[in-house]
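What follows is each chain in one-letter form.
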Amino acid sequence: MTLEENKKITLGLIEEYSKDNQNLTEDEDIYNRINLLYSTAYQELSQNKKITKTRTLREEIDLVEDGYDVYSLPSNLYQVNNVYALDENNNPKTADYYYIGNKIYISKKTPYKYILEYSAYPQVITEETENDFQLEIDQDVQLILPYAVANDILKTDPSSDYSAFYAEYKRKLEALDSRTRNATVKFKEGVL
């Protein structure tokens, strides 16, 4: 979903959406601050259901020697989830690495491919962020985002009751299933 598509939902919720207006709304105050309001809610929701990314740190190497190669961790890294070492057939192997600051040191004694799985910070939404910006958060969280933004838009309007949007935002957030994987069980034939 794009930022524009999400804005339409938000503006529709608060009855400010104008289909024929290039700015999506006739309310200039809302138009001027909507990206800034998206920025904070977007960041918050990315921490409730994290954005998972992977990066190949090193391809397989032929020459095995002593010491460690140094790699920089991604600048958008929020948390490291796992580091995988894979042989030429993509079989998992024991990884040999350690961290110091924003660097990862990978053993030269292991010839494996190393893949970093991590949770990432989202790109910051600014006043200049274009409407065609693709939201990085998952679809279920994208559909909670309009309630957070609607709440923030109406919070400063003394004539409106924004509490309904806040309550719905909180309800949806509490019902959110932030798991990215279900538990699985593998059975192996043999003696119990």
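Heads up: the structure comes first, above all this text.
Predicted, not measured: the structure shown is a model, and the values here were computed from it.

### Some remarks on the sheet that holds strand β7 (residues 113-120)
Move 1: Strand order across the open sheet formed by four strands is β1-β7-β3-β4, with antiparallel pairing between neighbours. One side of each edge strand has no neighbouring strand; the edge strands of this open sheet are β1 (51-58) and β4 (92-93).

### Observations concerning the pairing of β7
Move 1: Taking burial as the measure, the eight residues of β7 include seven buried ones, the bulk of the element.
Move 2: Sheet analysis places β1 next to β7, joined by seven bridges and oriented antiparallel. Counterpart to Thr54 in the pairing with β7 is Glu117.
Move 3: Of the strand pairs in this sheet, strand β3 (residues 77-86) and β7 are connected by eight bridges, and their pairing is antiparallel. Residue pairing across strands places Val83 opposite Leu116, the latter belonging to β7.

### Things to note about the sheet that holds strand β6 (residues 103-107)
Move 1: The strand order across the open sheet formed by three strands is β2-β6-β5, and the pairing between neighbours is antiparallel. Only two strands of the sheet have a single neighbouring strand rather than two, namely β2 (68-72) and β5 (97-100). Within this sheet the neighbouring strands show an average axis-to-axis angle of 25 degrees, counted without direction.
Move 2: Two strands pair when backbone bridges link them, and β2 and β6 are joined in this way by five bridges, in the antiparallel orientation. Within the sheet, the bridge partner assigned to Ser72 lies in β6 and is Lys103.

### So, the packing of aromatic side chains
Move 1: What the rule picks out here adds up to five aromatic pairs.
Move 2: Arranged with centres 4.8 Å apart and planes meeting at 0 degrees, the rings of Tyr98 and Tyr105 form a pair that is stacked.
Move 3: Assessed through its relative accessible area of 35%, Tyr98 is described here as partly exposed.
Move 4: Exposure remark for Tyr105: the relative accessible area of 18% places this residue in the buried category.

### Re the pairing of β6
Move 1: Burial runs high along β6: four of the five residues are buried.
Move 2: Across four bridges, β5 lies against β6 in antiparallel orientation. Along β6, the bridge assignment pairs Tyr99 with Ile104.
Move 3: Hairpin remark: β5 followed by β6, antiparallel, with two residues in the connecting loop; positive phi at Gly101, about 60 degrees.

### A few points about the nonpolar core
Move 1: If you look at the biggest cluster of nonpolar residues, it comprises 41 residues, and the most contacted ones within it are Ile14, Leu145, Val149 and Ile153.
Move 2: When residues of this core are traced back to their parent elements, those giving at least two are α1 (3-13), α2 (28-48), β1, β3, β6, β7, α4 (145-155) and α5 (163-175).
Move 3: If we ignore the near neighbours within four places in the chain, the residues touching Ile153 are Thr10, Ile14, Ile30, Arg33, Ile34 and Leu37.

Rules used throughout
Residues numbered from 1 in each chain as written. Predicted model: local features only at pLDDT ≥ 70, side-chain atom pairs only at ≥ 80, totals over all residues. Heavy atoms only, no water. Pairing = 2+ DSSP bridges. Helix = DSSP H or I, 4+ residues; strand = E, 2+ residues; numbered from the N terminus. Buried < 20%, exposed > 50% of the residue type's maximum accessible area, 1.4 Å probe, protein only. Axes fitted to C-alpha atoms, helices over the stretch in contact; angles between N-to-C directions. Phe/Tyr/Trp six-rings, centres within 6.5 Å; stacked < 30°, edge-to-face > 60°. Core = buried A, V, L, I, M, F, W, Y, C linked by side-chain atoms within 4.5 Å. Contact = heavy atoms within 4.5 Å.

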